[in-house]
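One-letter residues, chain by chain:
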Amino acid sequence: MRSRVGRAMTAAVLGGLLATGCGSGSDEKASSAAGKGGSADPVTVTDCAGAETTFAATPKRIVTSNASSLELLLRLGAGDKVVGTGFPPGKGTLPDELDAQARQVKILSETVIPKEKLLGSGADLYIDTFASMNMGGGMGDAPTEAEFKAAGIQHIFLKSTACAARSKSPVTDLSAVEDDITSLGAVTGTSARAAELVAGMKEKVDAVRKAVGGTPERKRPTYFFFDYDAGTKQPMAVCNRQVANAVITLAGARNVFADCDGDYKQVGWEDVIAKNPDWIQLAVRDRGSEAANDKAYDEAREWLETNSATKDLKAVEQGRFLRIGSERTTIAGVANADTVEKIAKTLYPGKVG
């Protein structure tokens, strides 16, 4: 298990990528064999700028940039096509069956996949959760589109994450995540399964909306996402372009940093004190076991309760904490809908079944 310092460093890199991301995406544009097990016709997807990528055949060797896109492929039933990944999920972080499958995927890097390793992976598709950028620090440059083409690799992104920072309006629903799932289903020939996953997400979110949707905005509790692993010296706020803003909003709460245009922003504790949230999510990255996670949640809570700057916050004094992992809140995936439900059940006891 990684040390907290190591995790914090990875969190900082990941947070920086997400905050800077403005690259391509994978929104389905052309028709596919929706409802069928495979794709009979060419499938075209577009990036954030509208540039098109067309798939004449279903990819056979896929590399994913991180655990988010890997998990989606596993849930779609396309895991057997994945030949490598970066930012792998920690052991035990996925449900049992998915975890076993994830363990079989070759780890090309614990963080960003080095350029030469990615280009030499033998992949015919690279699914990128981040926008292209020069990582520096010995981690290698991202390949150019020309280099991807020369290596025979088609390159698409998860729009819900990669395009978040350049979105023109706040993200308040999970439609972009659902579109990513639909698009990946079309590209990988798993449209029927994608439709099932999206329908399941909609059902959960609609049930929450029906239960708490009538609550006036001013009466909805305020909510702070405390990213413990991003560091405690200066908190990292999730802003209104991040999928977490949609999760919080759909659950019937008010993100205290919803006035921040972007996906992530480093703020000061004085800013959090000024917001004085009703509830605080103790957001920690999955440590791989329930015991290890509980220990991390306890550490996050203890820090808030003993730090002179935060111990007098309303949520801290009243013990209003939620113990929900970072990944299921901030990384696009099926679990976003589960998190909406979990938050709503805590904030509105008795209303959400």
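Residues numbered from 1 in each chain as written. Predicted model: local features only at pLDDT ≥ 70, side-chain atom pairs only at ≥ 80, totals over all residues. Heavy atoms only, no water.

J.: How should the packing of aromatic side chains be read in this particular structure?
T.: For any pair of aromatic rings, the description rests on two quantities: the centre-to-centre distance and the angle between the ring planes. Throughout the structure, instances matching the rule amount to eight aromatic pairs. Considering the side-chain rings of F224 and W269, the 6.2 Å spacing of their centres and the 80° angle between planes classify their relative orientation as edge-to-face. Taken together, the residues span a long stretch of sequence, with F224 in strand β8 (residues 222-227) and W269 in helix α10 (residues 269-275) at a distance of 45 residues. In this structure, F224 and W269 share a single accessibility class: buried. Ring pairs connect the aromatic residues F224, F226, Y228, F257, W269 and W303, which therefore count as one cluster. (Phe/Tyr/Trp six-rings, centres within 6.5 Å; stacked < 30°, edge-to-face > 60°. Helix = DSSP H or I, 4+ residues; strand = E, 2+ residues; numbered from the N terminus. Buried < 20%, exposed > 50% of the residue type's maximum accessible area, 1.4 Å probe, protein only.)

J.: Which parts of the structure should I look at to understand the packing of helix α9 (residues 243-250) against helix α14 (residues 335-347)?
T.: A pair of packed helices can be characterised by two numbers: the angle between their axes and the separation between those axes. One can describe the packing of α9 onto α14 by two numbers: an axis separation of 8 Å at closest approach and a directional angle of 40°. For the element pair α9 / α14, the angle class is oblique. Note that α9 runs across α14; the crossing there is right-handed. In this structure, α9 uses V243, V247 and L250 to contact α14, whose residues at the interface are N336, T339, V340 and I343. When grouped by side-chain class, the residues that make up the contact of α9 with α14 number five nonpolar, two polar and no charged. (Axes fitted to C-alpha atoms, helices over the stretch in contact; angles between N-to-C directions. Parallel < 35°, antiparallel > 145°, perpendicular 65-115°, else oblique. Left-handed = near helix turned anticlockwise from the far one by under 90°. Contact = heavy atoms within 4.5 Å. Nonpolar A, V, L, I, M, F, W, Y, C, P; charged D, E, K, R; others polar.)

J.: In this structure, what is going on with the sheet that holds strand β5 (residues 82-85)? I would like to understand it.
T.: Backbone-to-backbone hydrogen bonds pair the strands of a sheet. The strands run either parallel or antiparallel. In space, the four strands of this open sheet follow the order β5-β4-β6-β7, with parallel pairing throughout. Looking along the sheet, the strands with just one partner apiece sit at the ends: β5 and β7 (154-157). On average, each strand axis in the sheet is inclined to that of its neighbour by 20°, with strand direction left out of account. As judged from the four bridges shared by strand β6 (residues 125-128) and β7, these two strands associate in the parallel manner. (Pairing = 2+ DSSP bridges.)

J.: I tried to follow helix α2 (residues 67-76) on my own but got confused; where do I start?
T.: Residues spaced three or four apart along an α-helix point in a common direction, a consequence of the helix completing one turn every 3.6 residues. Taking burial as the measure, the ten residues of α2 include ten buried ones, the bulk of the element. Within α2 the residues assigned to the buried category are A67, S68, S69, L70, E71, L72, L73, L74, R75 and L76. Buried positions along α2 lie against β4 (62-64), β5, α3 (96-102), β6, α7 (175-188) and α8 (191-212). Capping the start of α2, N66 holds a side-chain oxygen 3.2 Å from the backbone nitrogen of S68, two or three residues further along. Where α2 ends, the next residue or the one after it, G77, has phi of about 85°, a positive value. (Polar contact = N/O pair within 3.5 Å; in protein donor to acceptor, adjacent residues only side chain to side chain.)

J.: Please explain unusual backbone geometry as it appears in this structure.
T.: Keep in mind that most residues, glycine aside, have a negative phi and that most peptide bonds are trans. With a phi angle near 40°, F87 is a residue other than glycine that sits in the positive phi range. Mapped onto the fold, F87 is located in the loop between β5 and α3. Classification of F87 as buried rests on a relative accessible area of 8%. Not every positive phi belongs to a glycine, and N276 is a case in point at roughly 45°. Along the polypeptide, N276 turns up in the loop between α10 and β12 (279-283). By relative accessible area, N276 is classed as partly exposed at 29%.

J.: Got a minute to help me understand α9 in this structure?
T.: For α9, the tally of buried residues reaches seven of eight residues, placing the bulk of the element in the interior. You can read the cap of α9 off the contacts: a side-chain oxygen lies 2.7 Å from the backbone nitrogen of A244, and it is on Q242. Positive phi appears at G252, one or two residues downstream of α9, with a value of about 90°.

J.: I keep staring at the confidence of the model for the chain and nothing clicks. Help me out?
T.: Close inspection of predicted coordinates is inappropriate in any region flagged by low pLDDT. This prediction gives the chain a mean pLDDT of 86; 86% of its residues lie at or above 70. In the model, residues 1-39 has pLDDT below 50 throughout and makes 110 contacts with residues more than four positions away in sequence or in other chains. pLDDT under 50 marks residues 132-139. Its contacts with residues more than four places away, or in other chains, come to 15 contacts. (pLDDT = per-residue confidence, 0-100.)

J.: Just checking my understanding: could you explain the sheet that holds strand β13 (residues 321-322) for this structure?
T.: In spatial order, the strands read β10-β8-β12-β13; together these four strands make up an open sheet with parallel pairing. Each edge of the sheet is formed by a strand with only one pairing partner; in this case those strands are β10 (254-255) and β13. Relative to β10, β8 runs parallel, the two being bridged by two bridges. Among the inter-strand pairings, T222 is bridged to a residue of β10, identified as R254. The strands that helix α11 (residues 290-306) touches are β8, β12 and β13; relative to β12, the one it contacts most, it runs at about 135°.

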